[in-house]
Amino acid sequence: LLLYSNIELKEKELPHRTKLMQLVMESFDVEYAKILSGIEGRVSFASDLWTDPKLVSFMAVTIHYMALTRSGYLALRTQLV
């Protein structure tokens, strides 16, 4: 797909699938560490898959956790990952 979208891109310039996976995992680790910094307790993950009327597929992952508010109370939080 990348080769078709850019005429000047050569096949040898494409990153290997393992390099792409490494970049995705590094990005996830950074973002997940940011999320965990304000969480009290455990994190629950939920996912949903669906297709639109044109059969385009989508996937969403959300997390649910308890966090301390500014007033010191616990509050349920939900965030799209």
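In every chain, residue numbers begin from 1 and rise along the written sequence. Local features in a predicted model are, by the rule used here, given only for residues with pLDDT of at least 70; side-chain atom pairs are given and counted only at 80 or more, and totals for whole chains, interfaces and linings are based on all residues. Note that the side-chain values use all heavy atoms of the structure and ignore hydrogens as well as water.

Per an unreviewed UniProt entry, the protein goes by BPL/LPL catalytic domain-containing protein and derives from Coniophora puteana.

Two aromatic rings, drawn from Phe, Tyr or Trp (for Trp, its six-membered ring), form a pair once their centres lie within 6.5 Å of each other, and the interplanar angle then sorts them: stacked below 30 degrees, edge-to-face above 60, tilted otherwise. Per the counting criterion, the structure on display carries 3 aromatic pairs. For the ring pair Trp 50 and Phe 58, a centre distance of 5.7 Å and an interplane angle of 15° mean the geometry is stacked. The cut-offs for exposure are 20% and 50% of the maximum accessible area for each residue type, with area from a 1.4 Å probe on protein chains only; residues under the lower value are buried, those over the upper are exposed, and the others partly exposed. Looking at Trp 50, the relative accessible area reads 40%, which means it is partly exposed. Judged by its relative accessible area of 38%, Phe 58 falls in the partly exposed class. Taken together, the ring pairs in this structure connect Phe 28, Tyr 32 and Phe 45 into an aromatic cluster.

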